[in-house]
Amino acid sequence: MLYPRINRFRQVIELSGFWDFRPDPRNEGETGNWGRGFEGGEPMAVPASWNDQVTDLRDFLGPAWYATSFELPEAWEQGRLLLRFDSVNYLASVWLNGTRLGDHEGGHLPFSFDVTRAVAPGGNRLVVRVDGQLAPDRVPPGNVPADPMDGFFNNPQHPAASFDFFPFCGIHRPVRLCRVPSQSIESVEVETALEKPGGVVRVRVRCGIAPSTQVRVRLEGHGESLATDADISEGRASVSLSMARPALWSCQSPNLYRLEVQLVRGKDAFDSYTLSAGIRSIQVQGDRLLLNGEPVLLKGFGRHEDFPVTGRGLVPAVVVRDFDLMKWTGANSFRTTHYPYSEEMMDLADRLGYLVIDEIPAVGLFFSEGGLERRKALCAACLRDLVARDRNHPSVIAWSVANEPHSRRSAAAPFLQDLVALARSLDPTRLVTMVSHVGLEEEAFSSCDVACLNRYYGWYSEGGRIEEGCARLAAELDALHEKFAKPIILSEFGADTVSGWHSEPPEMFSEEYQARFLERCIQVASSRPWVVGQHVWNLCDFKTGQSIQRVGAMNLKGVFTRDRRPKMAAHLLRRLWGGR
Ligand code: BDP
């Protein structure tokens, strides 16, 4: 689904602002026809989570109703109108002027409705029902029965998520009304490759079939200007553009070209879509990870879309701030733990030269109960939508199909292997991985390009004994490398740390302990050339549910606080990673 753009042929109205909001704890709204409109709404900001805007709603996960109204500009009565939601967590049902447009399941990916006929020339009333409750048959799941084979999440937390972040709910990213030509470009897929004698950019376009139309593709930048036309057959066209000496995209030089796709009839264009294209290659060769044929080490973080008051809502300034903090530490990479991030963040990753492991919301997956097929179908749908959304980003180097699935059950390996195979079939140009906490027992590692391992020796075990923890980490990394013979990313390691708490010698929860812990883990990783990535958990402190594991309902493993102030460890990383 194309990200909305404004140009001669395409217009966008953003519907962000204060919407009317009404919780529906007794689930009366559907039978009471609130889709047609409802009384008694209170103001609620969109985009943002509702939980931290209003005191009484902190632990309320829905259902709840949002409503707003808008008038259509006169000029918009021609053309096709799409209503696009960038992210609503978790289940969204949408009505326009009393007509139910449809539903969408899954919290972090965009969906849209064609509202050309539903929209009225005068006033319009848009109503959205959002249900963010936790249930075993959702992805990610919640309210999962305890399983003796699993460790951590048998510690009950409130709300009962089976993942370690607060289950924020609401309309989390912008809602936009988009006007496109009645026959328009529907999708653009860009693939780049380094092939002798230079670089190739392949572009596939899907469009509404318009008679005697051609697709024109223009690639500009870095002293090049290439253009080519292609015929459309059954709504599809593809072109290849080659360059002898392309300006490659890399972390140090994130060179981007401007790629414009037009639909042309005769001499006249009637639709246009522009995006940035970066030419680069990513591959695994033996033990090494190669970007443009050169070994690369991923230095960076797991992160969360999380900020005071706005919860999981998109705050563009926080996106800029987080890139600034990462740059300051010298990081060149992150994983979208544990769900797809905003499209705005992915755009900045392209511009700023970050290498991204792009993850579906398959966190806390369990395999002991019924409902496996449904969970798998939801994961597969997320993967399809994520690849469709993010495949044009040069920053994305790998798809991650799960984080810490409860893989000790026999149903896990085939489930995960099928997802890995699906990712590969959707996009053969990138790496595929999954993130494990069972290590040597993770059978699905054998089908991945890179093995991602989360490890907290010296924290959840070997507490207070960093050296013992690191010895165990070193031994396990060696064994894992021996068993799977592929590069490994240490995809999480970290220690909860109360900002301002000090102790020497270092004790758990002190800034000194976190700094020493991270330094020693990084030494263990760096002394093994096949450990091709070190992602610290976490960039910033973030909100979780309540449990005895989480002081003040916070995961405090950030090297920055939730309001983005550095702890000692941030300064340490900056020194180790050569930050600015
Ligand atoms: C890992 C999870 C991550 C948690 C982290 C932790 O992947 O979501 O927040 O551990 O315990 O198990 O801090």
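Residues numbered from 1 in each chain as written. Predicted model: local features only at pLDDT ≥ 70, side-chain atom pairs only at ≥ 80, totals over all residues. Heavy atoms only, no water.

In a structure, side chains of opposite charge can pair up when their charged atoms sit close to one another. Summed over the entire model, instances satisfying the criterion amount to 49 salt bridges. Salt-bridge contacts for Arg 374 lead to Glu 105; the nearest nitrogen and oxygen are separated by 2.7 Å. A residue pair is termed long-range when its members are at least 10 positions apart, and Arg 374 in helix H3 (residues 372-390) and Glu 105 in strand E8 (residues 99-105) qualify at 269 residues. What makes Arg 374 partly exposed here is its relative accessible area of 34%. Assessed through its relative accessible area of 25%, Glu 105 is described here as partly exposed. (Salt bridge = Lys/Arg side-chain N within 4 Å of Asp/Glu carboxyl O. Helix = DSSP H or I, 4+ residues; strand = E, 2+ residues; numbered from the N terminus. Buried < 20%, exposed > 50% of the residue type's maximum accessible area, 1.4 Å probe, protein only.)

It is worth spelling out the site of the ligand at this point. Around the ligand sit 13 residues in total, of which Asp 164, His 338, Glu 404, Tyr 460 and Lys 557 are the nearest. Between Arg 550 and the ligand, the recorded distance is 3.2 Å, taken from a side-chain N or O atom to an oxygen atom. Between the ligand and Lys 557 there is a distance of 2.6 Å, counted from an oxygen atom to a side-chain nitrogen or oxygen. For the ligand, whose accessible area on its own is 320 Å², the fraction buried by protein is 93%. (Near = heavy atom within 4 Å. Polar contact = N/O pair within 3.5 Å; in protein donor to acceptor, adjacent residues only side chain to side chain. Areas by Shrake-Rupley, 256 points an atom, 1.4 Å probe, with all protein chains shown as cover.)

A few words on the sheet that holds strand E10 (residues 123-131). The pairing of strands in a sheet happens through backbone hydrogen bonds and is either parallel or antiparallel. Taken in spatial order, the six strands make up an open sheet running E3-E2-E4-E10-E7-E8, and their pairing is antiparallel. Looking at strand neighbours, the two that pair on one side only are strand E3 (42-46) and E8, the edges of this open sheet. The average angle at which neighbouring strand axes cross in this sheet is 30 degrees, direction not considered. Two elements, strand E7 (residues 91-96) and E10, share six bridges in a ladder whose sense is antiparallel. Following the sheet pairing, Leu 91 is matched in E10 by Asp 131. (Pairing = 2+ DSSP bridges. Axes fitted to C-alpha atoms, helices over the stretch in contact; angles between N-to-C directions.)

This part is about helix H1 (residues 316-329). Helix length check: H1, at 14 residues, gives a terminal C-alpha distance of 20 Å against a target of 20 Å (1.5 Å per residue), a fit within 8%. Along H1, the residues classified as buried are Val 318, Val 319, Asp 322, Phe 323, Leu 325, Met 326, Trp 328 and Thr 329. Packed against the buried residues of H1 are strand E23 (298-302), strand E24 (333-335), helix H2 (343-352) and helix H7 (568-577). Note on H1: the residue one or two positions beyond its end, Gly 330, has a positive phi of about 95 degrees. (Expected span 1.5 Å × (residues − 1). Contact = heavy atoms within 4.5 Å.)

Before going further, it helps to examine the domain arrangement of the protein chain. Assigned domains of the protein chain: these are domain 1 (11-132 + 167-178), domain 2 (185-277) and domain 3 (291-577). On a C-alpha basis, the centroid separation for the pair domain 1 and domain 3 is 32 Å. At the junction of the two partners, domain 1 supplies 19 residues and domain 3 supplies 24 residues. Roughly 1700 Å² of surface becomes buried between domain 1 and domain 3 when both sides are summed, with 54% attributable to carbon and sulfur atoms. On inspection of domain 1 and its partner domain 3, the count reaches four salt bridges. With its nearest N and O atoms 2.9 Å apart, the salt bridge here joins Glu 343 to Arg 84. (Domains from an automatic or database assignment. Buried area = accessible area lost by both parts, 1.4 Å probe.)

Among all residues save glycine, negative phi is the norm, and among peptide bonds the norm is trans. For the bond from Asn 89 to Tyr 90, the omega torsion is 10 degrees, close enough to zero to count as cis. As for its position among the elements, Tyr 90 is in the loop between strand E6 (88-89) and E7. Between Val 139 and the following residue, Pro 140, the backbone shows a cis peptide bond with an omega angle of 0 degrees. Its location among the elements puts Pro 140 in the loop between E10 and strand E11 (170-171). Unusually for a residue other than glycine, His 222 sits at a positive phi of about 50 degrees.

This next bit is on the side chain of Ser 436. Its location among the elements puts Ser 436 in strand E27 (residues 431-436). Residue class for Ser 436 comes out buried when judged on its relative accessible area of 0%. In this structure the side chain of Ser 436 is engaged in a polar contact, spanning 2.6 Å, whose partner is the side chain of Glu 442. Beyond its immediate stretch of four places on either side in the chain, Ser 436 contacts Glu 404, Glu 442, Phe 445, Cys 452, Leu 453 and Asn 454.

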